[in-house]
Amino acid sequence: MTGKIINNYGSLPIVFSQGNGSVLTDISGKKYLDFVSGIGVNCLGHNHPALVAALTEQVAKQIHISNYYNSDVGLAFSNELLKLTSMDRVFFCNSGAEANEAAIKLARKYGHTESQKTGKAEKKTIVTIEKSFHGRTLATLAATAQDKFHPEAFAPYLPGFRTIAANDYDSFETIFDETVCAFMFECVQGEGGVNLLDPKWIQAACKAAKKAGALLIVDEVQTGMGRTGTLLAVETLGITPDVVTLAKGIAGGVPTGACLARGEATPVFIAGDHQSTFGGNPLACAAGMAVLKEMNKPGFLETVTKNGDYIRNKIGEWNLPFITSIRGKGLMIGFDIIGTAGGPATAGHVQRACLETGIGDFTGLCVTTAGPQTVRFLPPLIINREQIDTGLEIMHTVLTNKNPL
Ligand SMILES: *Cc1c(COP(=O)(O)O)cnc(C)c1O
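Here the structure is a predicted model, which is why all the values come from computation and not from measurement.

1. Quick notes on the pattern of salt bridges
Reasoning step 1: Inspection of every chain in the model, using the stated rule, returns 12 salt bridges.
Reasoning step 2: Close ionic contact of K109 with D273 constitutes a salt bridge, the shortest N to O distance being 2.6 Å. Here the residue K109 occupies a position in helix 4 (residues 96-118), and D273 occupies one in the loop between strand 12 (257-261) and helix 8 (282-295), the gap between them amounting to 164 residues.
Reasoning step 3: Salt-bridge contacts for D242 lead to K210; the nearest nitrogen and oxygen are separated by 2.8 Å. Of the two residues, D242 is situated in the loop between strand 10 (215-219) and strand 11 (243-246) and K210 in helix 7 (residues 199-211); the sequence distance between them amounts to 32 residues.
Reasoning step 4: With relative accessibility at 4%, the residue D242 sits in the buried group.
Reasoning step 5: The exposure class assigned to K210 is partly exposed, which follows from its relative accessible area of 32%.
Reasoning step 6: Put simply, K210, D242 and E264 are held in one network by salt bridges that share partners.

2. Topic: the pairing of strand 15 (residues 362-366)
Reasoning step 1: Within strand 15, 4 of the 5 residues are buried, leaving the element largely enclosed by the surrounding structure.
Reasoning step 2: As defined by bridge partners, strand 3 (residues 31-34) adjoins strand 15 across 4 bridges and the pair is classed as parallel. When the bridges of strand 15 are listed, K31 appears paired with F362.

3. Observations concerning the sheet that holds strand 16 (residues 368-369)
Reasoning step 1: The 4 strands lie next to each other as 13-14-17-16, forming an open sheet whose pairing is antiparallel. The sheet is open, and its two edges are formed by strand 13 (323-329) and strand 16, each paired on a single side.
Reasoning step 2: Alignment of strand 16 against strand 17 (residues 374-377), held across 2 bridges, turns out to be antiparallel. Residue pairing across strands places T369 opposite V375, the latter belonging to strand 17.
Reasoning step 3: Of the strands in this sheet, strand 13, strand 14 (332-337) and strand 17 touch helix 9 (residues 300-318), which is tilted by about 175° from strand 13.
Reasoning step 4: Across the face of the sheet, helix 11 (residues 385-399) comes into contact with strand 13, strand 14 and strand 17 while running at roughly 165° to strand 17.

4. Some details on the side chain of Q222
Reasoning step 1: Inspection of the secondary structure assignment puts Q222 in the loop between strand 10 and strand 11.
Reasoning step 2: By relative accessible area, Q222 is classed as buried at 7%.
Reasoning step 3: Side chain to side chain, Q222 and R376 meet in a polar contact 2.7 Å long.
Reasoning step 4: In contact with Q222, not counting residues within four places along its chain, are G190, E191, R227, K248, M332, R376 and L378.

5. Some words on the site of the ligand
Reasoning step 1: Taken together, 13 residues lie around the ligand, and G96, A97, D219, Q222 and K248 are the ones closest in.
Reasoning step 2: The contact in question runs from an oxygen atom of the ligand to an N or O atom on the backbone of A97, over 2.8 Å.
Reasoning step 3: Within the side chain of D219, one N or O atom sits 2.8 Å away from a nitrogen atom of the ligand.
Reasoning step 4: Relative to its unbound accessible surface of 380 Å², the ligand loses 81% to contact with the protein.
Reasoning step 5: Tallying contributions element by element places helix 4 first for the shell around the ligand, with 3 residues.
Reasoning step 6: Grouping the amino acids of the shell around the ligand by side-chain chemistry returns 3 nonpolar, 6 polar and 4 charged.

6. What to know about the layout of surface pockets
Reasoning step 1: Roughly 1100 Å³ of volume is contained in the second largest pocket.
Reasoning step 2: Surrounding the second largest pocket, 36 residues form its lining, N67, V90, F91, F92 and H274 being those nearest its centre.
Reasoning step 3: Where the lining of the second largest pocket is concerned, the elements lending two or more residues are helix 3 (72-85), strand 4 (89-93) and strand 12.
Reasoning step 4: Sort the elements by how many residues they give to the lining of the second largest pocket and helix 3 lands first, with 5 residues.
Reasoning step 5: In terms of residue class, the lining of the second largest pocket is made up of 17 nonpolar, 17 polar and 2 charged.

7. Points about the packing of helix 3 against helix 8
Reasoning step 1: For the pair helix 3 and helix 8, the least separation of the axes is 8 Å and the interaxial angle reads 40°. In terms of orientation, helix 3 lies oblique with respect to helix 8. Here helix 3 runs over helix 8; the crossing is left-handed. Together, V73, G74, A76, F77, E80, L81 and L84 of helix 3 and P282, C285, A286, G288, M289 and L292 of helix 8 make up the contact between the two elements.
Reasoning step 2: Classifying every residue of the contact of helix 3 with helix 8 by side-chain character gives 10 nonpolar, 2 polar and 1 charged.

Rules behind the numbers
Throughout, a residue's number is its position along its own chain's written sequence, starting from 1. The predicted origin of the model limits local features to residues at a pLDDT of at least 70 and limits the giving and counting of side-chain atom pairs to 80 or more, whereas totals for whole chains, interfaces and linings rest on all residues. The basis for every side-chain value is the complete set of non-hydrogen atoms in the structure, without hydrogens or water. What makes a salt bridge here is a side-chain nitrogen of Lys or Arg within 4 Å of a carboxyl oxygen of Asp or Glu, nothing more. Only DSSP runs of H or I with at least four residues qualify as helices, and only runs of E with at least two residues qualify as strands; both kinds are numbered from the N terminus onward. Each residue gets one of three labels from its accessible area relative to the maximum for its type: buried under 20%, exposed over 50%, partly exposed in between, using a 1.4 Å probe on protein chains only. Should DSSP find at least two bridges between two strands, the strands are taken to pair. The contact criterion used throughout is that any non-hydrogen atoms of two residues lie within 4.5 Å. For every element, the axis is a line fit to its C-alpha atoms; helices are fit only across the contacting stretch, and the angle between N-to-C directions ranges from 0 to 180 degrees. Any pair of N or O atoms that falls within 3.5 Å is considered a polar contact. Within protein, one atom must be able to donate a hydrogen and the other to accept it, and sequence-neighbouring residues count only if both atoms are side-chain atoms. Throughout, near means a residue has at least one heavy atom within 4 Å of the molecule or strand. Residue burial considers only the protein chains on display, and all accessible areas are found by Shrake-Rupley using a 1.4 Å probe. When residues are grouped by polarity, Ala, Val, Leu, Ile, Met, Phe, Trp, Tyr, Cys and Pro land in nonpolar, Asp, Glu, Lys and Arg in charged, and all others, Gly among them, in polar. Grid points spaced at 1 Å and placed over the protein atoms alone form the basis of the search, with a cavity being a set where a 1.4 Å probe fits but cannot get out and a pocket an open set showing protein on both sides within 12 Å along at least five of seven lines. Lining residues have an atom within 4 Å of a point. Grid points are joined across faces, edges and corners, and a volume is the space filled by probe spheres set on the points. For classification purposes, angles smaller than 35 degrees are called roughly parallel, those larger than 145 roughly antiparallel, those between 65 and 115 roughly perpendicular, and all remaining angles oblique. Crossing handedness: left-handed means the near helix sits turned counterclockwise from the far one by under a right angle, and right-handed means the same turn made clockwise.

Pasting the structure below:
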């Protein structure tokens with residue numbers, strides 16, 4: 001079923017050809033409810049009329065011009081994005097890993113300049129949190145503090161990264177020393193298991209990092225663009241970031257990433273320091289503009305919060321003994337299953353069973369995982385209650401199936 005695509009994804013045996021809102025249709029016409037939205041990318045769902053209109057209009061005008069020049073839509077999108085996120089400047093790229101690469105380079109240069117000014121030790125270390133995920137390039141893998149992402153096969157990894165455990169107050173002094181140029185973290189860890197950070201701890205950690213003269217880089221690649229119920233997740237944490245990275249939902253499905261800078265992080269990059277051929281092309285910016293416009297509509301983000309709470313409550317009401325934890329914020333949701341007490345063996349088993357368990361018009365439900373024990377939902381932010389209820393009914397059927405998965 002993977003055709004001739006290199007087998008690095010282990011794709012599931014379905015071939016989709018059409019999407020509509022929160023529904024996907026495969027090549028034989030079977031319909032599936034979408035609780036994945038392309039891993040948190042299709043925030044407006046599939047074929048959203050505003051996105052289609054914006055893209056169609058832009059395709060007819062221009063798709064790409066290079067960063068030798070500016071485009072009207074590129075300037076408009078950057079202004080709007082910076083206004084809504086309270087940041088000063090933006091570098092556009094094409095993915096989350098690229099956005100984080102830009103942030104890492106920016107932090108290294110910032111640290112280098114600082115250590116030259118002070119004559120003190122090299123300031124090049126970047127601190128990240130255990131179970132984080134920051135991307136698949138060699139630098140962002142080094143930033144990703146999970147052993148399973150560091151097989152010997154791809155070594156050597158980029159040096160200069162240090163890990164802190166979430167909720168560890170005792171190591172602030174030793175971890176955040178004067179060699180640290182940045183502290184980089186996700187407000188809700190995505191691939192690492194949908195883990196929320198204790199606001200008190202992350203505030204204290206940021207304070208310790210700032211005291212050491214480090215920049216705060218918030219990786220909002222997954223949490224950003226309304227996913228957790230606010231445009232940025234960091235808004236609710238009482239932390240002022242120096243750098244914010246975005247991707248996934250930013251342009252509703254058009255490959256786009258962004259590295260936003262504020263305050264003293266803003267002047268670090270000068271002409272020639274960092275570039276991307278495709279970055280911020282007019283097509284991506286037109287899509288991003290349409291996404292921002294939709295998210296700005298009254299009630300859009302409030303509904304994300306309400307629907308997220310609704311889903312988590314419903315799962316709780318099932319009272320299934322093998323669901324050991326329900327977590328998340330907004331429409332970024334995870335729950336843990338354990339492989340005993342008549343429950344499913346792994347989240348992967350649940351994922352596959354959902355694809356084959358139909359209700360009414362639907363052949364199945366698309367869900368994703370975050371590690372072997374966590375089932376993860378990242379539905380389109382526009383999903384409606386009826387679709388949520390049907391999807392949850394499919395999930396409940398799968399989890400209470402008499403035949404153990
Ligand atoms: C998905 C993700 C990335 C990597 O994004 P790509 O577009 O796949 O490169 C980085 N950070 C976080 C938090 C992510 O969820």
